[in-house]
Amino acid sequence: MSIPTRALGALTVSAQGLGCMGMSQGYGVGDETESIATVHRALELGVTLLDTANVYGDGANEDLVGRAIRGRRDQVVLATKFGIAGRGPDGPAVRGDAAYVREQVEASLRRLGVDHIDLYYQHRVDPDTPIEETVGAMAELVAEGKVGHLGLSEAGAATIRRAHAVHPIAALQSEWSLWTRDIEAEILPTCRELGIGVVPFSPLGRGLFTGKLTAEQIGAGDMRAGLPRFNADNLDRNQAVVAAIAALAADRGVTPGQLALAWVQAQGADVVPIPGTKRRTYLEENVAAPTIELSEADIAAIEAAAPADAFAGARYAPGMMRAVGR
């Protein structure tokens, strides 16, 4: 299997990346041996973009990814993030001041066991620090060779413009899938105007679009238990929409997850989704999506089967939503 490449600004990556968060937090108990084997299999299949963050597993995920790529660094476009300095009932505590940027990049470099990060994102925008200060500090890391390219995550259109005026932004990472299409109205056109690539996280709706998720699987330690879309009533309604996607997928001879992921892949040559998994079997299913060709009629049928307003529940609880789109 050969995965094509795409551009995130001036950075060339595989057309699909691998989100590594779930290997260390969010979706139940992890298995480090299988997780590392999944990273190795991704590289064998031609996936180059690996995505982590300093906050995932409170640093444990960066440590795991660092161990997984040891001896394979030249095969990897390594992305990590900073900015979420703590979590609470009212949402994340966010920092973007210059001192914090420098402190966190040094900590990430140590955990990852590398001398540079290929793509360094601000995870959430700090409302109390001008974006010019944050990106200015990030640009200094580029000049020093510690970082190759800069990214933002879940930023608003005006912030993206201000950041890009300080230093070119290669990528915007935001949630984007059939049930999360918020970026399409204003943020996506802004990115395209400025030549910024888009990296959708949770392109499979946190597992919903696989068609395999049940309420019984959302147990202790699973972040979905706290997301409105996955409460009992909303989940039933949302699974009914996914059933329509499953019917279309069956007609194509693919899985529901592959079809939903192919829809994201088809949104443009500047779109590089990073479906997360900690198992090789799901990885191998996901990486088939870039080879699924969808016609305009196919895309229209998918969107008619799963219109964004058919899904029930907010993405996050209110506190977390306040940190999105700043």
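Basis of the calculations
- Residues numbered from 1 in each chain as written.
- Predicted model: local features only at pLDDT ≥ 70, side-chain atom pairs only at ≥ 80, totals over all residues.
- Heavy atoms only, no water.
- UniProt positions renumbered as here; feature names shortened; annotations may be inferred.
- Helix = DSSP H or I, 4+ residues; strand = E, 2+ residues; numbered from the N terminus.
- Pairing = 2+ DSSP bridges.
- Phe/Tyr/Trp six-rings, centres within 6.5 Å; stacked < 30°, edge-to-face > 60°.
- Buried < 20%, exposed > 50% of the residue type's maximum accessible area, 1.4 Å probe, protein only.
- Lys NZ or Arg CZ within 6 Å of the ring centre and 35° of its normal.
- Contact = heavy atoms within 4.5 Å.
- Right-handed = clockwise from strand over helix to strand, strands pointing away.

1. Some thoughts on the UniProt feature "domain: NADP-dependent oxidoreductase" (unreviewed entry) in the protein
Now for step 1: Those residues carrying the UniProt feature "domain: NADP-dependent oxidoreductase" (unreviewed entry) are residues 17-305 in this numbering.
Now for step 2: The span residues 17-305 carries 40% helix and 14% strand; its end-to-end C-alpha distance comes to 26 Å.

2. Some words on the sheet that holds strand 4 (residues 49-51)
Now for step 1: The parallel open sheet is built from seven strands, whose spatial order is 3-4-5-8-9-10-11. If you trace the sheet from one side to the other, it starts and ends with strand 3 (18-19) and strand 11 (197-201), each paired once.
Now for step 2: Note that strand 5 (residues 77-82) and strand 8 (residues 117-122) share four bridges and pair parallel. What sits directly across from T80, in strand 8, is Y120.

3. Here we look at the packing of aromatic side chains
Now for step 1: In the structure shown here, the tally under the stated rule is seven aromatic pairs.
Now for step 2: Taken together, a centroid distance of 6.5 Å and an interplanar angle of 55 degrees make the contact between F82 and Y100 tilted. Here the residue F82 occupies a position in strand 5, and Y100 occupies one in helix 3 (residues 98-112), the gap between them amounting to 18 residues.
Now for step 3: Overall, the relative accessible area of 5% leaves Y100 in the buried class.
Now for step 4: On the numbers, 5.0 Å between centres and 35 degrees between planes, the contact of F82 with Y120 is tilted. Taken as a pair, F82 in strand 5 and Y120 in strand 8 lie far apart in primary sequence, 38 residues in all. Y120 shares its class with F82; the two are buried.
Now for step 5: If you follow R229 out to its NZ or CZ, it ends over the ring of W179, 4.4 Å from the centre.

4. Let's talk about the side chain of D270
Now for step 1: Among the structural elements, D270 can be located in the loop between helix 8 (256-265) and helix 9 (280-286).
Now for step 2: Ignoring anything within four residues of it in the chain, the contact list for D270 reads A7, L8, R192, G197 and V198.

5. A few points about the pairing of strand 2 (residues 11-14)
Now for step 1: Judged from the four bridges that link them, strand 1 (residues 5-8) and strand 2 form a sheet pairing that is antiparallel. Counted as the bridge partner of R6 is V13 from strand 2.
Now for step 2: With antiparallel pairing between neighbouring strands as the criterion, strand 1 and strand 2 make up a hairpin whose turn holds two residues, including G9 at a positive phi of roughly 60 degrees.

6. Description of the pairing of strand 8
Now for step 1: The element strand 8 is largely enclosed, with a buried count of six among its six residues.
Now for step 2: By the bridge criterion, five bridges tie strand 8 to strand 9 (residues 147-153) in an arrangement that is parallel. Paired with Y120 across the strands is L150, a residue of strand 9.
Now for step 3: A crossover links strand 8 with its parallel partner strand 9, the connecting element being helix 4 (residues 131-143), and its sense is right-handed.

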